[in-house]
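Notes for the structure review
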Amino acid sequence: MLAALAGEVRSRPPFWLMRQAGRYLPEYRELRAKAGSFLDLCYNPDFAVEVTLQPLRRYGMDAAILFSDILVVPHALGQPLAYLEGEGPKLDPVRNVEDLKRLSRDRFHETLAPVYETVRRLSTAIPEGTTLIGFAGAPWTIACYMVEGAGSKEYAHVKRWAYGDPVGFGQLIDLIVEVTADYLCRQIEAGAETVQLFDSWAGVLPVGEFRRWVIEPTRRIVALVKAKHPNTPIIGFPRGAGHAYEDYVADAGIDAVGLDTTVSPVWAARTLQPRLPVQGNLDPIMLATGGKALETATRDILEALADRPFVFNLGHGVIQSTPPDHVAALTRILREWPDRG
């Protein structure tokens, strides 16, 4: 994977899957039941290392991604966080400059110390030749959760703050930029060989606001991380960016870009791949569907993208209802992809 991120074309493209460790695996569900809360699972290095390794044992992906969650960053800033069964994450909302006073960096790295320990252990536990990926949420997406207090359909609270008080909202973004860059550097120092920034809600912004709250904060994080670790590749994933992918690739400073499900591989090959390696972008529902549809869709992506630097992945994470056998089938298709020299 590191060779592909450095611009090499591999005869068989490397692959890993977003959320490759998780609820679709029975061994994960068994461990999750022992862990207590989801945060207990994330903050227990014994459990987190085991969960990270589970899909590697089954499928032999070319990369392992640290098992954690993007919301450990606001949690480490002191924002109360809980994961409710069937509802997802819930946070005490931060909705104005006054609310920012409730946040603190004082125990940030202390809270995240178990994550760094997990990375350290994984750096020696994963198979030789397997790339270790660290990650964080990008500032806009983290701000969405912090301000809304949960997932959202309209993102009304966060947009009202960003549009109506951009200076005040910018203080929140500045804080997230600074701690996220530091968080990623600590992961790299613990053994992560590449890192990915997940901007899951990038696509909810109009073009001008996308540049201000997605591209610019990402560019700043990249600059801060590269100042300390210039040789560590950074993958950006601006889910839902649409035609703004071009601006993101041109200006965010990232070394590779993850494509969401809606991006045409043919368009990406023509427009984005000449600039940098791309990653993606099988529909997770296609993986859950399996059969001929899965094989055809996978081969279409390979035909479009495998002749240039490319990492095969999904366009978002593995969904809970995915049969493990379908992931095995995908693995076979990828490994049988002909050597094209």
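Quantities reported herein were computed from a predicted structural model and do not represent experimental measurements.

Digging into the pairing of strand S5 (residues 194-199)
By the criterion of burial, S5 is predominantly enclosed, with six of the six residues buried. Side chains Thr-194, Gln-196 and Phe-198 project from S5 onto one buried face, and the interleaved Val-195, Leu-197 and Asp-199 project onto a second face that is buried too.

Focus: helix H2 (residues 26-35)
Of the positions making up H2, those classed as buried are Tyr-28, Leu-31 and Ala-35. Here the buried residues of H2 occupy an arc of 70 degrees about the axis, which is enough to place them on one side. Exposed residues lying more than 90 degrees from the buried face of H2 are Glu-30, Ala-33 and Lys-34. Its buried side turned inward, H2 meets helix H3 (38-43) and helix H4 (45-59). Immediately downstream of H2, the backbone of Gly-36 shows phi near 95 degrees, a positive value.

As for the sheet that holds strand S7 (residues 256-258)
With respect to topology, seven strands assemble into an open sheet ordered S1-S4-S5-S6-S7-S8-S9, the strand pairing being parallel. Only two strands of the sheet have a single neighbouring strand rather than two, namely strand S1 (63-65) and strand S9 (310-314). The sheet shows a mean angle of 25 degrees between the axes of neighbouring strands, taken without regard to direction. The pairing of strand S4 (residues 131-137) with S5 spans five bridges and is classified as parallel. Paired with Gly-137 across the bridge in S5 is Phe-198.

Considering the packing of aromatic side chains
We describe a pair of aromatic rings using the distance from one ring centre to the other and the angle between the two ring planes. One pass over the full model with this rule turns up 13 aromatic pairs. Plain terms: the ring middles of Phe-108 and Tyr-183 are 6.5 Å apart, the flat faces sit at 80 degrees to each other, and that makes the pair edge-to-face. In this pair, Phe-108 is assigned in helix H7 (residues 108-125) and Tyr-183 in helix H10 (residues 166-190), connecting sequence segments 75 residues apart. An aromatic cluster is built from Tyr-28, Phe-38, Phe-67 and Tyr-83, whose rings are joined through pairwise contacts.

A word on the layout of surface pockets
Here the largest pocket defines a volume of roughly 1400 Å³. Lining the largest pocket are 40 residues, with Arg-19, Arg-23, Phe-38, Asp-69 and Tyr-83 positioned closest to its centre. Considering every element that reaches the lining of the largest pocket, the biggest residue donor is H2, with three residues. Of the residues belonging to the lining of the largest pocket, the class tally is 21 nonpolar, 11 polar and eight charged.

What counts as what
Residues numbered from 1 in each chain as written. Predicted model: local features only at pLDDT ≥ 70, side-chain atom pairs only at ≥ 80, totals over all residues. Heavy atoms only, no water. Buried < 20%, exposed > 50% of the residue type's maximum accessible area, 1.4 Å probe, protein only. Helix = DSSP H or I, 4+ residues; strand = E, 2+ residues; numbered from the N terminus. Arc of directions from axis to C-beta. Contact = heavy atoms within 4.5 Å. Pairing = 2+ DSSP bridges. Axes fitted to C-alpha atoms, helices over the stretch in contact; angles between N-to-C directions. Phe/Tyr/Trp six-rings, centres within 6.5 Å; stacked < 30°, edge-to-face > 60°. 1 Å grid on protein atoms, 1.4 Å probe; cavity = no way out; pocket = protein on both sides within 12 Å on 5 of 7 lines; lining within 4 Å. Points joined across faces, edges and corners; volume = space filled by probe spheres on them. Nonpolar A, V, L, I, M, F, W, Y, C, P; charged D, E, K, R; others polar.

Remember, this is a structural readout, not a statement about activity or role.
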